[in-house]
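Close look at the chain arrangement
Chain by chain, the residues:
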Amino acid sequence: MDVLEEIKDKKEFRGLSDELVLKVINIYRSKYNIEVEKERKMLVKDCRAKLRELYSAFRLGGYEKRIKYLSQMKNWYDEDTAKKILSLHLSSKERLNYYPKLYKKLRSKIQFKTVLDIGCGMNVFSMPWMGRVDYYGIDVNKEDVDFCNDYLNKFKITGGVRCADIMSLDNVIKTDVCFIFKVLEGLEGIERNITTKLFVKITSPWIVVSFATRSLGGGKVISARRLKWFEELVKIEEKFNLGTEVYYIIKNY
C-alpha cells in the first residue's frame, strides 16, 4: 500500500480527491524518509492531521442524517429541511442566522443568475435564501459532491458539482459571480501564493471571498492584520462583516 492509499484507508478521508491528498503529502515528504517505517507513519499522521484541519473538522455529529433529510425535502426552497442539512456542516451552520442578510447584501451589489462556488461544501443548500440559480460547485470530497448533485438533480436545477482540486483544472466555467467562502487560507497553507494562480483561472466578473474572523467553532478572535496580503492583492469593491466571517466583494474585470 503506497502512502496515498494508506492515508485514504481511514474512512473520513476516502472521499477526498487524490490531487488534494498528494498536495498535502508533498508538504511533508521532504521531512521524512518513507522507506523507514517509523518516519512513514509520522508522515501519514501529519498528512491526516492537515486534511482533518482542511476538511474533516467541518463535519459535525450526525452527518449521515443529511441523506434522510434530503429525501424529505419537498421542493428546492424548503427552508426548514435545508437548515437541518446545513446545520451538519460547521461553516454553513455558522451562517444559518444570516444567510438571508448575506444574499440580500450580495444581490444589492451584483445581479447574478449563475454561480460558481469553489470549495462549496454544503453551500448549495443555501439556495432557498440565495434564490434559484444555475449552480456550479467544486469540492474535494466525492461523497459530498454526489450528495449536492442529488439535490440539483432532484429539483432539476441547472448546473453541477465537480469533485476536483481547483488547481488541477485548466479552466472553470464563467458565471455571473464566483463564491470562495473560507477556502483561501487553507489553500495558502498547502501552497504559498496559490491565490494569485487561482484568480487567473476565474473569469467571472465578480468574486466574493470570505475569511473567518474567529477560530473554528467561533472561539477566539483572529487578527484582521493577517489579511493584509489579500487586501493588497485584489481590487475590493466592498468589505463587510457578518457573523464570524469577513466578506470581500471583488471586481474581476
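Above this note sits the structure.
Parameters at a glance
Residues numbered from 1 in each chain as written. Predicted model: local features only at pLDDT ≥ 70, side-chain atom pairs only at ≥ 80, totals over all residues. Heavy atoms only, no water. Helix = DSSP H or I, 4+ residues; strand = E, 2+ residues; numbered from the N terminus. Rg over C-alpha atoms; globule rule 2.2 N^0.38 Å. Contact = heavy atoms within 4.5 Å. Lys, Arg positive; Asp, Glu negative; His and termini not counted. Charge placed at Lys NZ, Arg CZ, Asp CG, Glu CD. Patch = residues over 30% accessible without salt bridge, like charges linked within 9 Å, V, L, I, M, F, W, Y side chains within 5 Å. Areas by Shrake-Rupley, 256 points an atom, 1.4 Å probe, with all protein chains shown as cover. Salt bridge = Lys/Arg side-chain N within 4 Å of Asp/Glu carboxyl O. Buried < 20%, exposed > 50% of the residue type's maximum accessible area, 1.4 Å probe, protein only. Phe/Tyr/Trp six-rings, centres within 6.5 Å; stacked < 30°, edge-to-face > 60°. Lys NZ or Arg CZ within 6 Å of the ring centre and 35° of its normal. Pairing = 2+ DSSP bridges. Axes fitted to C-alpha atoms, helices over the stretch in contact; angles between N-to-C directions. Parallel < 35°, antiparallel > 145°, perpendicular 65-115°, else oblique. Nonpolar A, V, L, I, M, F, W, Y, C, P; charged D, E, K, R; others polar.

**A word on the overall build of the chain**
Looking only at helices and strands, the chain features twelve helices and seven strands. At 18 Å, the chain has a C-alpha radius of gyration in line with the 18 Å of a compact globule built from 253 residues. When its C-alpha atoms are laid out on the principal axes, the chain stretches across 55 × 45 × 40 Å. Looking at the chain alone, contacts between residues at least 24 apart form 66% of all its contacts between residues at least 6 apart. Averaging the positions of the 47 positive and the 35 negative side-chain charges in the chain gives two centres separated by 5 Å.

**Details of a positive patch on the surface**
On the surface, a cluster of positive charge is contributed by Lys65, Lys68, Lys74 and Lys84. With respect to the helices and strands, the residue Lys65 is situated in helix α4 (residues 65-72). The exposure class assigned to Lys65 is partly exposed, which follows from its relative accessible area of 41%.

**Some details on the packing of aromatic side chains**
Aromatic rings in a pair are described by how distant their centres are and how their planes are angled relative to each other. Applying the stated criterion to the full structure yields 17 aromatic pairs. Their ring planes at 85° and their centres at 5.3 Å tell us that Trp76 and Tyr77 sit as a pair that is edge-to-face. When the centroid spacing of 5.8 Å and the interplanar angle of 5° are considered together, the rings of Tyr99 and Tyr103 count as stacked. Of this pair, Tyr99 and Tyr103 both sit in helix α7 (residues 99-109), four residues apart, which is roughly one turn of that helix. By way of ring pairs, the aromatic residues Tyr99, Tyr103, Phe112, Trp129, Phe179, Phe181, Phe240 and Tyr247 are connected into one cluster. Here the guanidinium or amino end of Lys105 rests over the ring plane of Phe240, the centre of that ring lying 5.4 Å away.

**A word on the pairing of strand β7 (residues 245-251)**
Counting buried residues along β7, six of its seven residues qualify, which places the element largely inside the surrounding structure. Sheet topology note: the strand β5 (residues 206-212)/β7 ladder contains seven bridges and is antiparallel. The residue bridging Trp206 from the neighbouring strand is Lys251, located in β7. Note that strand β6 (residues 236-242) and β7 share six bridges and pair antiparallel. Counted as the bridge partner of Ile236 is Ile250 from β7. Hairpin remark: β6 followed by β7, antiparallel, with two residues in the connecting loop; positive phi at Gly243, about 55°.

**Some remarks on the environment of Ile138**
Mapped onto the elements, Ile138 comes out in strand β2 (residues 134-139). C-alpha separation for the pair Ile138 and Phe211, spaced 73 residues apart in sequence, amounts to 18 Å. Setting aside chain neighbours within four positions, we find Ile138 in contact with Leu116, Asp117, Ile118, Gly119, Cys120, Val161, Arg162, Ala164, Ile166, Leu169 and Val172.

**Remarks on the environment of Thr195**
Secondary-structure assignment places Thr195 in helix α11 (residues 194-201). According to the relative accessible area criterion, Thr195 is buried, its value standing at 1%. Linking Thr195 and Val183, residues twelve residues apart in sequence, is a C-alpha distance of 10.0 Å.

**Some thoughts on the pattern of salt bridges**
Pairing of side chains with opposite charge becomes possible as their charged atoms draw close. According to the stated counting rule, one finds 17 salt bridges in the structure shown. Salt-bridge contacts for Lys23 lead to Asp165; the nearest nitrogen and oxygen are separated by 2.5 Å. Of the two residues, Lys23 sits in helix α2 (residues 18-28) while Asp165 sits in the loop between β3 (159-163) and β4 (177-181), which places them 142 residues apart along the sequence. Residues Asp46 and Lys31 are paired through a salt bridge, measuring 3.9 Å at the closest nitrogen-oxygen approach. You can see Asp46 sitting in helix α3 (residues 37-54) and its partner Lys31 sitting in the loop between α2 and α3, a full 15 residues away along the chain.

**Notes on the packing of α4 against helix α9 (residues 142-154)**
Close contact between α4 and α9 brings their axes to 11 Å; oriented N to C, the two are set at 5°. Between α4 and α9, the angle is such that the two are roughly parallel. Contacts from Arg66, Ile67, Leu70, Ser71 and Gln72 in α4 reach Glu143, Asp144, Phe147, Asp150, Tyr151 and Lys154 in α9. Tallied by class, residues from the contact of α4 with α9 come to four nonpolar, two polar and five charged.

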